[in-house]
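Residues per chain, in single letters:
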Amino acid sequence: MKLSGKITAAAVSAVTAFSVTGCSGSGTEKKSDKINIICTTFAEYDWTRTIIGNSSDAEVTYLLGSGTDLHNYQPSAEDVMKISSCDMFVYVGGESDKWVNDALDEAMNKDMKVIRLLDVLGDFAKEEEIKEGMEAEKEEEADDDDGVEYDEHVWLSVKNAEICCDAICEAVCELDPSAADSYRNALSNYTAQLDSLDSDFTEMADEAKVKTILFGDRFPFRYLVDDYGIDYYAAFVGCSAETEASFETIVGLAKKLDELELDTVFTIENSDDSLAKAIIENSSDKSRSIETLNSIQSVSDEMVNSGVSYISIMRENLETLRRVLD
């Protein structure tokens, strides 16, 4: 697991300076009267902006808009300052978000609403698992003192998305009760879209001739496949920092391809496909194809401006699975 660790001393210093120059009394001086919401991942951002709609009373900021992968993100001093004075902060709360604890400790707005998605999901949050043929991590650390390490990629379950959206909507309504009806109507409309997406995934899985996928990559899709009864094999767990698999892992996955008679090896977005190609080269059929599923971990502002949404990406994943598994 690659850890983001603590926020830098420069970032902490920036917040300290901000508290001296930008605050009066016990509160933080705000640039506007709008409710300021900050989200770390794209899924959180897209859900929140959909619920807010065209409201002139709230605005939402996407913290990882540079397209940086969640696992590699390090907050800048500017990011920490934004968080310090926001009204609401939404984050996943897994291993990659360890830096958040320091940022919140230094926050000037002590009345900030904080939504940790792993807390929202409760028993629906899944522990990371090591599957047959998967490369073990060299260093393992856990999210909690009890030794449990949770899978961070909660947004890749449409069912989880509905639970998270409910929590986000309720928090926004508490911050802006005058517009609560508008927010709840937007949530209702969006939930209907998520229900439709969930039904389409269920139909795809029910009709699929192939019930197993194999990843020559990290595997952040456990929530998705568990929802629809699809089995998987992969080189690494979803949050692994490893990029090179052992020959034993490559050969093992190649044998699994042959054993299950799979004709496709999957990768995630931004992969160089080298591991997937190596697995295919060590299998009995060198003509096997490589397909990509988007884990929604590195969506940039440019992609957002082009109209990309959580539902549009998940529907692309749906159609890829439908085509391959059928």
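One can find the structure itself at the top, above this paragraph.
Visitor: Please give an account of helix H12 (residues 310–325) that cites residues and values.
Guide: Each α-helix winds once per 3.6 residues, and so residues spaced three or four apart point in a common direction. Between its first and last C-alpha, H12 extends 22 Å over 16 residues, near the 22 Å set by a 1.5 Å rise per residue. The complete set of buried residues in H12 reads Tyr-310, Ile-311, Ile-313, Met-314, Asn-317, Leu-318, Thr-320, Leu-321, Val-324 and Leu-325.

Visitor: With reference to specific residues and values, describe the nonpolar core.
Guide: Counting residues in hydrophobic clusters, the biggest one holds 84 residues, and the most contacted among them are Trp-47, Trp-155, Phe-201, Ile-213 and Tyr-310. Leave out the neighbours within four places in its chain, and Trp-155 touches Thr-41, Ala-43, Trp-47, Leu-70, Val-92, Ser-295, Ile-296, Gln-297 and Tyr-310. Core analysis: the second largest hydrophobic core is formed by 15 residues, Leu-214, Val-265, Leu-275 and Ala-276 among them.

Visitor: Residues and numbers for the environment of Met-314, please.
Guide: Tracing the sequence through the fold places Met-314 in helix H12. According to the relative accessible area criterion, Met-314 is buried, its value standing at 0%. Here the alpha-carbon distance between Met-314 and Ser-157, two residues 157 residues apart in the chain, equals 9.5 Å.

Visitor: Pulling in residues and values, what's your account of unusual backbone geometry?
Guide: A positive phi angle, near 55 degrees, is found at Glu-261, a position not held by glycine. Checked against the element boundaries, Glu-261 lands in the loop between helix H9 (247–260) and strand S9 (264–268).

Visitor: Tell me about empty space enclosed by the protein, residues and numbers included.
Guide: If a probe the size of a water molecule is rolled over the atoms, the empty space left behind becomes visible. Scanning the model with the defined rule gives two cavities of 30 Å³ or more in all. Each pocket or cavity is described by its volume, and for the largest cavity that value is around 60 Å³. Lining the largest cavity are Glu-128, Glu-129, Met-134, Asp-151, Phe-219, Arg-222, Tyr-232, Phe-236, Val-237 and Gly-238. No other element matches strand S8 (residues 231–237), which puts three residues into the lining of the largest cavity.

Visitor: Describe the packing of helix H2 (residues 42–52) against helix H6 (residues 158–175), and please don't skip the residues or the numbers.
Guide: It is at 10 Å that the axes of H2 and H6 come closest, and there the two elements cross at 55 degrees. One finds that H2 runs oblique with respect to H6. For the pair H2 and H6, the crossing hand works out as right-handed. Along the contact surface, H2 presents Glu-44, Trp-47, Thr-48 and Ile-51, while H6 presents Ala-161, Cys-164, Cys-165, Ile-168 and Cys-169. Looking at the contact of H2 with H6, its residues break down into seven nonpolar, one polar and one charged.

Rules used in this analysis
- Residues numbered from 1 in each chain as written.
- Predicted model: local features only at pLDDT ≥ 70, side-chain atom pairs only at ≥ 80, totals over all residues.
- Heavy atoms only, no water.
- Helix = DSSP H or I, 4+ residues; strand = E, 2+ residues; numbered from the N terminus.
- Expected span 1.5 Å × (residues − 1).
- Buried < 20%, exposed > 50% of the residue type's maximum accessible area, 1.4 Å probe, protein only.
- Core = buried A, V, L, I, M, F, W, Y, C linked by side-chain atoms within 4.5 Å.
- Contact = heavy atoms within 4.5 Å.
- 1 Å grid on protein atoms, 1.4 Å probe; cavity = no way out; pocket = protein on both sides within 12 Å on 5 of 7 lines; lining within 4 Å.
- Points joined across faces, edges and corners; volume = space filled by probe spheres on them.
- Axes fitted to C-alpha atoms, helices over the stretch in contact; angles between N-to-C directions.
- Parallel < 35°, antiparallel > 145°, perpendicular 65-115°, else oblique.
- Left-handed = near helix turned anticlockwise from the far one by under 90°.
- Nonpolar A, V, L, I, M, F, W, Y, C, P; charged D, E, K, R; others polar.

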